[in-house]
Amino acid sequence: MSKQTLSFQAEVSQLLHLVTHSLYSNPDIFLRELVSNASDACDKLRFEGLNDSALFEDAPNLDVRVAFDTDARTITITDNGIGMSAQEAIDHLGTIAKSGTKDFMSHLSGDQKQDAQLIGQFGVGFYSGFIVADKITVESRRAGLPVVEGVRWTSGGTGDFEVETIERSARGTSVTLHLREDASDYLDRWKLKSIIGKYSDHISLPILMQKEEWDAEKSAHVKLDEWEAVNSANALWARSKKDISDEQYAEFYKNLSYDTEAPLAWSHNRVEGSTEYTQLLYIPAKAPQDLWNRDRKAGIKLYVKRVFIMDEAEALMPAYLRWVKGVVDSADLPLNVSRELLQESRDVKAIREGNTRRVLAMLDDMSKDVEKYTGFYAGFGAVLKEGLGEDFANRDKLAKLLRFASTAGTELTSLADYKARMKDGQATIYYITADNLAAAKNSPQLEVFR
Ligand code: ADP
Ligand code: MG
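Think of each chain on its own: its residues are numbered from 1, step by step along the sequence as written. Starting at A for chains and at 1 for ligands, labels are handed out in the order in which the entities are written. Where totals are concerned, whole chains, interfaces and linings use all residues; where local detail is concerned, this predicted model gives features only for residues with pLDDT of at least 70, and gives and counts side-chain atom pairs only at 80 or more. The basis for the side-chain values is all heavy atoms of the structure; hydrogens and waters are excluded.

A. Structural view of the overall build of the chain. A tally of regular secondary structure across the chain gives 14 helices and 16 strands. On the principal axes, the C-alpha backbone points of the chain span a range of 90 × 50 × 50 Å. Three labels apply to residues, based on accessible area from a 1.4 Å probe with only protein chains included: buried if under 20% of the type maximum, exposed if over 50%, partly exposed otherwise in between. Per-residue burial over the chain gives 45% buried out of 450 residues. Method for areas: the Shrake-Rupley scheme with a 1.4 Å probe, in which residue coverage is limited to the protein chains shown. Put simply, the chain shows about 23000 Å² of open surface, and 49% of that area lies on carbon and sulfur atoms. Each helix is a run of DSSP H or I of at least 4 residues and each strand a run of E of at least 2, with the numbering of both proceeding from the N terminus.

B. Inspection of the nonpolar core at higher detail. We define a nonpolar core as any set of buried Ala, Val, Leu, Ile, Met, Phe, Trp, Tyr and Cys residues linked to one another through side-chain atoms lying within 4.5 Å. If you look at the biggest cluster of nonpolar residues, it comprises 58 residues, and the most contacted ones within it are Val66, Ile75, Trp153 and Leu177. Counting residues per element, this core draws most heavily on helix 2 (residues 29-49), which supplies 9 residues. The contact criterion used is simple: two residues touch if any of their non-hydrogen atoms lie within 4.5 Å. If sequence neighbours within four positions are ignored, Trp153 has contacts with Phe8, Ala89, Leu93, Phe126, Phe130, Ile136, Thr137, Val138, Phe161, Glu162 and Val163. Counting residues in hydrophobic clusters, the runner-up holds 39 residues, among them Met317, Tyr377, Phe380 and Leu402.

C. Local environment of the sheet that holds strand 4 (residues 133-141). Between any two strands, pairing holds if DSSP finds at least two bridges. Pairing is mixed across the open sheet formed by 9 strands, whose spatial order is 1-6-5-4-7-3-2-8-9. In the strand order of this sheet, the two ends are held by strand 1 (4-7) and strand 9 (220-229), each with one partner. Taking the axes of each pair of neighbouring strands and ignoring which way they run, one obtains an average angle of 20° across the sheet. The pairing of strand 3 (residues 74-79) with strand 7 (residues 172-179) spans 6 bridges and is antiparallel. With axes taken as lines fitted to C-alpha atoms, and helix axes fitted only over the stretch in contact, angles between N-to-C directions fall between 0 and 180 degrees.

D. Here's a closer look at the sheet that holds strand 11 (residues 277-283). In spatial order, the strands read 10-11-14-12-13; together these 5 strands make up an open sheet with mixed pairing. The strands lining the two open edges of the sheet, one partner per strand, are strand 10 (265-271) and strand 13 (307-310). On average, adjacent strands in this sheet sit at an angle of 20° to one another, irrespective of strand direction. Here strand 10 pairs with strand 11 via 7 bridges, running antiparallel. Note on strand 11: the bridge partner recorded for Ser267 is Leu281.

E. Spotlight on a nonpolar patch on the surface. Together, Tyr430, Val448 and Phe449 make up an exposed nonpolar region whose accessible area comes to about 380 Å². One can find Val448 in helix 14 (residues 444-449). Only residues whose relative accessible area exceeds 30% and that form no salt bridge are eligible for patches; like-charged ones are grouped when within 9 Å, while nonpolar side chains (Val, Leu, Ile, Met, Phe, Trp, Tyr) are grouped when within 5 Å. Any Lys or Arg side-chain nitrogen found within 4 Å of a carboxyl oxygen on Asp or Glu counts as a salt bridge.

F. Spotlight on a positive patch on the surface. A cluster of basic residues, Lys241, Arg357, Arg358 and Lys397, forms a positive patch on the protein surface. Within the secondary structure, Lys241 is located in the loop between strand 9 and helix 7 (246-257). For the charge count, each Lys or Arg is scored as positive and each Asp or Glu as negative, with His and the chain ends excluded. Charge positions are represented by NZ for Lys, CZ for Arg, CG for Asp and CD for Glu.

G. How the structure looks around the pattern of salt bridges. Within the structure shown, the criterion is met by 15 salt bridges. The partner of Asp63 in a salt bridge is Arg65, and the shortest N-O contact between them spans 3.3 Å. Overall, Asp63 belongs to the buried group, its relative accessible area being 12%. Among the salt bridges present, the one from Arg189 reaches Glu228, with a minimum N-O distance of 2.7 Å. Here Arg189, found in helix 6 (residues 189-199), pairs with Glu228, found in strand 9; they are 39 residues apart in sequence, far enough to count as distant.

H. Local environment of helix 7. Compared with the 16 Å implied by 1.5 Å per residue over 12 residues, the 16 Å span of helix 7 between its first and last C-alpha is a close match. Those residues of helix 7 that sit buried are Tyr249, Ala250, Phe252, Tyr253, Asn255, Leu256 and Ser257. In this fold, the buried residues of helix 7 make contact with helix 2, helix 6, strand 10, strand 11, strand 12 (299-304) and strand 14 (325-330). Downstream of helix 7 by a residue or two, Tyr258 has a phi angle that is positive, lying close to 60°. Expected helix span is given by 1.5 Å per residue-to-residue step, counting one fewer step than there are residues.

I. Summary view of the packing of helix 2 against helix 6. It is at 9 Å that the axes of helix 2 and helix 6 come closest, and there the two elements cross at 65°. Taken as axis vectors, helix 2 and helix 6 run roughly perpendicular relative to one another. Viewed along their axes, helix 2 and helix 6 form a crossing whose handedness is right-handed. In this structure, helix 2 contributes Ile29, Leu31 and Arg32 to the contact, and helix 6 contributes Leu192, Ile195, Ile196 and Tyr199. Between 65 and 115 degrees an angle is taken as roughly perpendicular, under 35 as roughly parallel, over 145 as roughly antiparallel, and anywhere else as oblique. Working rule for handedness: look at the near helix, and if it is turned counterclockwise from the far one by less than a right angle, call the crossing left-handed; if clockwise, right-handed.

J. The arrangement of the layout of surface pockets in detail. Lining residues are those with an atom within 4 Å of a point, where the points come from a 1 Å grid over the protein atoms alone and group into cavities, where a 1.4 Å probe fits but cannot get out, or pockets, open sets with protein on both sides within 12 Å along at least five of seven lines. Grid points are joined across faces, edges and corners, and a volume is the space filled by probe spheres set on the points. The volume enclosed by the second largest pocket comes to roughly 1500 Å³. Lining the second largest pocket are 43 residues; nearest its centre among them are Phe404, Ala405, Ser406, Tyr430 and Tyr431. Broken down by secondary-structure element, the contributors of at least two residues to the lining of the second largest pocket are helix 10 (370-390), helix 11 (395-401), strand 15 (404-406), strand 16 (409-413), helix 12 (415-420), helix 13 (437-441) and helix 14. For this classification, the nonpolar set comprises Ala, Val, Leu, Ile, Met, Phe, Trp, Tyr, Cys and Pro, the charged set comprises Asp, Glu, Lys and Arg, and every other residue, Gly included, is treated as polar. A breakdown of the residues in the lining of the second largest pocket according to their chemical character gives 20 nonpolar, 11 polar and 12 charged.

K. Focus on the packing of aromatic side chains. When the centres of two rings from Phe, Tyr and Trp lie within 6.5 Å, Trp using its six-membered ring, the rings pair. Their planes under 30 degrees apart give stacked, over 60 give edge-to-face, and anything left gives tilted. Applying the stated criterion across every chain, the model contains 17 aromatic pairs. Taken together, a centroid distance of 4.5 Å and an interplanar angle of 35° make the contact between Trp323 and Phe380 tilted. Taken together, the positions of Trp323 in the loop between strand 13 and strand 14 and Phe380 in helix 10 put the pair 57 residues apart, joining distant regions of the chain. We classify Phe380 as buried; its relative accessible area is 1%. Pairing Tyr373 with Tyr377 gives two aromatic rings, centres 5.9 Å apart and planes at 40°, and the pair type is tilted. Separated by 4 residues within a single helix, Tyr373 and Tyr377 lie in helix 10, roughly one turn from each other. You can call Tyr373 buried: its relative accessible area is 2%. One aromatic cluster is present, built from ring pairs that chain together Phe8, Phe126, Tyr127, Trp153 and Phe161. Counting as a charge over the ring demands two things of the Lys NZ or Arg CZ atom: a distance within 6 Å of the ring centre and an angle within 35 degrees of the ring normal. In this structure, Lys223 is placed above the aromatic ring of Phe68, and the distance from its NZ or CZ to the ring centre is 4.0 Å.

L. Representation of unusual backbone geometry. Although it is not a glycine, Glu57 sits at a positive phi angle of roughly 50°. With respect to the secondary-structure elements, Glu57 resides in the loop between helix 2 and strand 2 (64-69). Its identity is not glycine, yet Arg73 carries a phi of approximately 60°, on the positive side.

Right, here's the structure in full:
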């Protein structure tokens, strides 16, 4: 394919304008997004490679490299993951699948920090590169394609982009950012390394940077031909609890959920027995806007022996707990497990039950802190009630977690509290249902009992 100039889909142009004009107060996130794409690309290769080991060619060790060139004023993020064909580069970097942009825009709050946090959530993370770059060059070759079928994609981040075929021996993708004048401070090893440490430490494959050495003669740092990992390259959930700080747990949650607020609670356990797995489950502080949508995808990512298998693994959590975020890493499931298989697997059933028990135990624990639990309940209480009709095995535990308005005061009450203050000889509990609390309170039927 000779060089072609193509236009961005209108939505993309709109998005690019937004990115460059309103997300610049938190520019660091570009690195998080590009490293996340590089890591996704490696996950995809590992996954496709399960059925076709030839895709690994002669480079089985997957990694991400972050390099910079002070003279050329560029930063390059390279991965040896799945790569892109020319058509994929056109499709994936020129258009936005689903309704990514629209969704993204409709969620913007005007608070730049919060909005920047959202960008990865709607499948538009790549474009965050244009916060710091006025030109991006992507070179790629899809795993398994011949060397002459590499692709170069270039854009200045306005109306159009160019694509051409190139020769590329390395499998995978390099994204080169040509930095804007005001982004020079990213040409610094320490700076890049600290951003990676902050946002990408949880990435489970090595993120490498070139070592540097002080050269007294030149009185400058010079790069050595040696690369070292600058992240822990170790899936957080696979580490021992005692080696993980609260900040690391919270940061991992934010990366997982795109939430800007720290979670209310979490629970991290290695479960042994007939089914072995690790669970790291989080209770968010705030309910998402689409909480009521029962088709909303579950918030659980599934890994098998550290290999990423799928997002939104709905089989691992009952629907009434769809708002719980977290990771499950199974030691037993086959790597090529599909969604269909998940529905039938006995191991999955055991994991789902284990997750459910764990969440209910976390909530039971939280309920001892009335203020915290009231806050939680305001957001999630009603969806928790769905569980009564859905999860018969846990009805008693669930019932204990429910709270109700009562005539006794303004606070919500549990059944246990209600029983504790029942008058001697009271044999009945009367309840009333209504559209809302005010309607119930003003109901003429209630008057009789008062
Ligand atoms: P998302 O990662 O949520 O899909 P992005 O805007 O970050 O959205 O990336 C868009 C798409 O571009 C990705 O889904 C992927 O298909 C492709 N892509 C981006 N970076 C890479 C990469 N390093 N290797 C392979 N494909 C990539
Ligand atoms: Mg992405």
